[in-house]
Amino acid sequence: MSEPPHRRRAHASSEDLERYAGLFAERTRVMRSSAMRDLMAVTARPEVISLAGGLPDTSTFPPQAFAAQMTRIAQESAAEALQYGPTEGFRETVDCIVEVMGAEGMLPDPEDVLVTTGGQQAIDLLCKALVDPGDAVICEAPTYPGAIPVFCSYEADTIQIECDGEGMRIDELEDTLERLELEGRKPKLIYSVPTFQNPAGVTMSLARRQRLVELARARELLVVEDNPYGLLRFGGEPLPPLYQLDGGDFVLYVGTFSKILSPGIRLGWVVAPPPLMEKIVLGKQAADLCTSTLTQYFVREYFSSGRWREYIESLIGIYRARRDTMIDALARYFPPQASWTEPDGGLFVWATLPPYIDTGDLLAKALREDVAFVPGQAAYVDGRGRSSMRLNFSAGSEDEIREGIRRIGRTVEEQVELYGALTGGREQGSHHPGMPGREAEDMPGNDETQPSAEPGHSVTLPGPADGRAERVKGGDVLPFKKAEGA
Amino acid sequence: MKVAVLKGGRSLERGVSLRSGARVEDALVRLGHEVVPVEADAGLVKRLVESRPDVAFVALHGPGGEDGTAQELLEILGISFTGPSVAACARCIDKVLAKHELRAAGLPTPDWFAFNETAFRELGAADALAGIEERLGFPLVIKPSRGGSALGIKFAENWFDVPEALVSAFSYDDKVLLERFVKGRELSVGVVGDQALPVVEAIPHEGDSYDFEARYEIGRTTFVCPAELSEEEAASVAEIALGAYEALGCSGFSRVDLILAADGPQVLEVNAIPGLTDTSLLPQAAEAAGLSFEQLIAKILELAGEPARA
């Protein structure tokens, strides 16, 4: 190597570092710790079986179809496909979006649709248009890990409402709204992934969907329905989206082509009523002027073939088999103290371990066995979720899923045994004069976190310390050790 | 000179190592050396045999690179390398072993007890823990014995925190230590050759005092170099840091982390191969001593292969 491929900055002095640190915006304080970032970096080693990502399987998309579409674009629309486009997106893209939403029973006004750079940008633009620092934003507990940095970057006061097997607890939501009202506050938005939720895999029941929409209308609250997975259903009956129930007055809708076509094309959308849309468009102009025209042409070509539903059907077949493999493997390899969700669609299973196991630390141990998952803490703003993990079943083969779960199960088993030895087997219920174990009574959210006797049959999501939603202001950095149950 | 830069590896500090390695490579090029970047993977030995470097710059952190493993291979291949010897690396990476050496050399380090997993699983060590409260008292810091970053380090305020903290620490290593928590200022002393660099103080921001992960993070901790210490304090810290460096047999360069308690400095650990990234502490300290990053790298290279001071 004679010359460096590119020039790096000369070393920064300590004064430089402090000068930069002094310039950091307050919102940067919430960014994840570097130690955890380094840990996640190791999950990228090629030999690691990663159940951590949220990657759809793109390996079965026919390369010939891909080539034919791109060729047609090059031959017929090269200049336009390489040019800037309208901020709102092409009308033809919107037509495809209307078709996709129609497949789930929704009938949006095309004027209300904005094409975005992935669903992620839609969440960002909504927050940009609505959230001032300190404003309350409500989401599920656990919530989509990728939404947290967005809420934090707008310095929202993020309030998480517990989820169970029927999705967000609407009774708890109502309590929280009451409490906020007493403080003279009202949340700017309620963010929910009601169908095959990321990360928990649960789906909000029809009764709760109806109640949520009623609440939104009665209290004039905006609900953001993020629905990347609705069409990926492997079992059970489809439920109406919140957007359909509401008709689009109080429910804003976020959709994406990532899970039904390709995340690489970075195409998503947001549906919002005109006054709000105006502000969202301004935000979009500031962010990136317009969404990729090339990939909008790609989607247009793809939909003109009329085979997009066939492709989704093929994905559903693949994912159903992988989910079954994961659920079977969990029953076989995870200890009886663990529990997990059994999703009817989507990409994720949420597993919960005994409360004394920290899944962040477990990940370090699992990485030595070359397997990775997302520690549950990533789905909370307040340090909860320490004993849970998100497991993805869409990206790996069935063999990889089985082997990955086997390896994680073994590391969990070792920790359960070790804890038993440390507490004198109290985990098994016997009395021993060894160490004082953290018994069930000492645990926060005891009734929710209690190990399930019948793994695989219950939905177990960790509960907040006092049975109520906890509020953590965006920008707060929690002390290392949360005073659990104290 | 032809210099092989060893970086990456499988440890949890892989990311830091890649950043350290990249900076070192740039500096070496600017110093006029021929650089051979070498990933510490299954092709390591082959790559070294093929490229025949004059010297290897070891920019590896954590187990596998900072523990003497890579250094042992370099010795077998007859390639001189930067930083501490095999034996010194092995002593530094193991906090328990290092603390025994420090004690034996009469250097202050917080009281501790160490256990391995077998002791709990097979020898009923849990029953022996009862004695720890009176010997060490709470709060305690529970750490994996081997591991360079903050991962797995937990603060236990009372008994109820201990089993969970032990399970966490055992996720990183099969040996853990329970150490008396010493309140004081957090200091770090880089040593190059036999010279202590100016002391760096890490001041965690409000609320982050017990967050070990916040410790070395820009924006959550303020770093002051040179630390505001009296002349006697600075001298005593430097003397103890140099003592620790020598007691563990370090050579080339290393970094000593200490706590300045009311009754004087206590050594927490010695990092055999500290980070060399743009936010790392040792290069900051070198800068404060008037040593540019290139000069620091040139100095470390010049010291490669020199035996430790007896």
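Parameters and conventions
Residues numbered from 1 in each chain as written. Chains lettered and ligands numbered in written order. Predicted model: local features only at pLDDT ≥ 70, side-chain atom pairs only at ≥ 80, totals over all residues. Helix = DSSP H or I, 4+ residues; strand = E, 2+ residues; numbered from the N terminus. Buried ≥ 20, exposed ≤ 12 C-beta atoms within 10 Å, placed from the backbone. Contact = placed C-beta atoms within 7 Å. Domains from an automatic or database assignment. Nonpolar A, V, L, I, M, F, W, Y, C, P; charged D, E, K, R; others polar. Core = buried A, V, L, I, M, F, W, Y, C linked by C-beta atoms within 7 Å. Pairing = 2+ DSSP bridges. Axes fitted to C-alpha atoms, helices over the stretch in contact; angles between N-to-C directions. Parallel < 35°, antiparallel > 145°, perpendicular 65-115°, else oblique. Left-handed = near helix turned anticlockwise from the far one by under 90°. Expected span 1.5 Å × (residues − 1).

## Points about the overall build of chain A
Next up, step 1: Secondary structure assignment for chain A yields 15 helices and 15 strands.
Next up, step 2: Taking all 486 residues of chain A together, 49% fall into the buried category.
Next up, step 3: Long-range contacts, defined here as pairs at least 24 residues apart, represent 74% of the contacts in chain A between residues at least 6 apart.

## What about the domain arrangement of chain A?
Residue and element names in this part refer to chain A.
Next up, step 1: Domain parsing of chain A yields domain 1 (29-59 + 310-426 + 458-473) and domain 2 (84-305).
Next up, step 2: Here the C-alpha centroids of domain 1 and domain 2 sit 25 Å apart.
Next up, step 3: Taken together, the contact pairs 38 residues of domain 1 with 37 residues of domain 2.
Next up, step 4: Mapped onto the side of domain 1 that touches domain 2, the elements with two or more residues apiece are helix H12 (308-333), strand S11 (348-352) and strand S15 (471-473).
Next up, step 5: Of the residues forming the side of domain 1 that touches domain 2, the biggest block, six residues, is contributed by H12.
Next up, step 6: Grouping the constituent residues of the side of domain 1 that touches domain 2 by class yields 21 nonpolar, eight polar and nine charged.

## Observations regarding the nonpolar core
Next up, step 1: Counting residues in hydrophobic clusters, the biggest one holds 146 residues, and the most contacted among them are A:Leu126, A:Val270, A:Ala351 and A:Phe373.
Next up, step 2: Excluding its chain neighbours within four sequence positions, the residues that come into contact with A:Val270 are A:Leu114, A:Thr116, A:Ala122, A:Leu125, A:Leu126, A:Leu252, A:Tyr253, A:Val254 and A:Ile280.
Next up, step 3: Ranked by size, the runner-up nonpolar core spans 71 residues in total, among them B:Leu6, B:Leu28, B:Ala59 and B:Ile273.

## A few points about the domain arrangement of chain B
Next up, step 1: On domain assignment, one finds that chain B holds domain 1 (2-83), domain 2 (91-108 + 183-302) and domain 3 (112-180).
Next up, step 2: Taking only C-alpha atoms, the centre of domain 2 of chain B and the centre of domain 3 of chain B are 24 Å apart.

## Some thoughts on the sheet that holds strand S4 (residues 80-81) of chain B
Residues and elements named next belong to chain B.
Next up, step 1: Read from one edge of the open sheet, four strands run S2-S1-S3-S4, paired in parallel fashion. Among the strands making up the open sheet, the edge pair consists of strand S2 (34-39) and S4.
Next up, step 2: Of the pairings in the sheet, the one linking strand S1 (residues 2-7) to S2 comprises six bridges and is parallel in character. Bridge pairing links valine 5 to proline 37 in S2.
Next up, step 3: In the packing of helix H2 (residues 44-51) onto the sheet, the strands contacted are S1 and S2, and the crossing angle to S2 comes to about 160 degrees.

## Here's the deal with the sheet that holds strand S7 (residues 154-156) of chain B
Residue and element names in this part refer to chain B.
Next up, step 1: With antiparallel pairing, four strands are arranged side by side in an open sheet as S5-S8-S6-S7. Each edge of the sheet is formed by a strand with only one pairing partner; in this case those strands are strand S5 (112-116) and S7. Each neighbouring strand pair of the sheet contributes to a mean axis angle of 25 degrees, computed without reference to strand direction.
Next up, step 2: Inspection of the sheet shows S5 paired to strand S8 (residues 175-180) by five bridges, in the antiparallel sense. Looking at S8, one finds that alanine 114 is bridged to leucine 177.
Next up, step 3: Packing of helix H5 (residues 95-104) onto the sheet brings it into contact with S5, strand S6 (140-144) and S8, and relative to S8 it is tilted by some 50 degrees.

## Describing the packing of helix H14 (residues 398-422) of chain A against helix H8 (residues 162-169) of chain B
Next up, step 1: Taken N-terminus to C-terminus, the directions of H14(A) and H8(B) make an angle of 140 degrees; their axes are 10 Å apart at the nearest point. Considering their axes alone, H14(A) and H8(B) lie oblique with respect to each other. The handedness of the crossing between H14(A) and H8(B) comes out as right-handed. From H14(A), A:Gln415, A:Leu418, A:Tyr419 and A:Leu422 reach across to H8(B), where they touch B:Pro163, B:Leu166 and B:Val167.

## Re helix H1 (residues 14-30) of chain B
All names here are of chain B.
Next up, step 1: Given a rise of 1.5 Å per residue, 17 residues ought to cover 24 Å, and the 24 Å separating the end C-alpha atoms of H1 matches this to within 8%.
Next up, step 2: Here H1 lies mainly inside the structure; twelve of its 17 residues are buried.
Next up, step 3: Within H1 the residues assigned to the buried category are Arg14, Gly15, Val16, Ser17, Ser20, Gly21, Arg23, Val24, Glu25, Asp26, Ala27 and Leu28.
Next up, step 4: Downstream of H1 by one or two residues, glycine 32 has phi in the positive range, about 90 degrees.

## Considering the environment of B:Val199
Residue and element names in this part refer to chain B.
Next up, step 1: By the secondary structure assignment, valine 199 is in the loop between strand S10 (195-196) and strand S11 (200-204).
Next up, step 2: Here valine 199 falls in the buried class, since 27 other C-beta atoms lie within 10 Å of it.
Next up, step 3: In this structure the C-alpha to C-alpha distance between valine 199 and alanine 288, which are 89 residues apart in sequence, comes to 9.3 Å.

## Examining the packing of helix H13 (residues 359-368) of chain A against H14(A)
Residue and element names in this part refer to chain A.
Next up, step 1: The geometry of H13 relative to H14 is characterised by a closest axis approach of 10 Å and an angle of 125 degrees between their N-to-C directions. Here H13 is positioned oblique relative to H14, judged by the angle of their axes. As H13 packs across H14, the resulting crossing turns out to be right-handed. Contacts from Leu362, Lys365 and Ala366 in H13 reach Arg407, Ile408, Thr411, Val412 and Gln415 in H14.
Next up, step 2: Looking at side-chain class alone, the contact of H13 with H14 contains four nonpolar, two polar and two charged residues.

## Side note on unusual backbone geometry
Next up, step 1: Note the cis peptide between B:Phe138 and B:Pro139, where omega equals 0 degrees.
Next up, step 2: If you trace the backbone, B:Pro139 turns up in the loop between helix H7 (130-136) and S6.
Next up, step 3: Going from B:Cys225 to B:Pro226, the amide bond is cis rather than trans, its omega being 0 degrees.
Next up, step 4: In this structure, B:Pro226 sits in the loop between strand S12 (221-224) and helix H9 (231-247).
Next up, step 5: Residues other than glycine seldom take positive phi values, yet A:Phe196 does so here, at roughly 50 degrees.
Next up, step 6: A count of 25 C-beta atoms within 10 Å places A:Phe196 in the buried class.
Next up, step 7: One non-glycine residue, A:Arg266, lies in the positive phi region at around 50 degrees.
Next up, step 8: Following the sequence through the fold, A:Arg266 ends up in the loop between strand S8 (251-256) and strand S9 (268-271).
Next up, step 9: Look at A:Arg266 and you get partly exposed, because 18 C-beta atoms sit within 10 Å.

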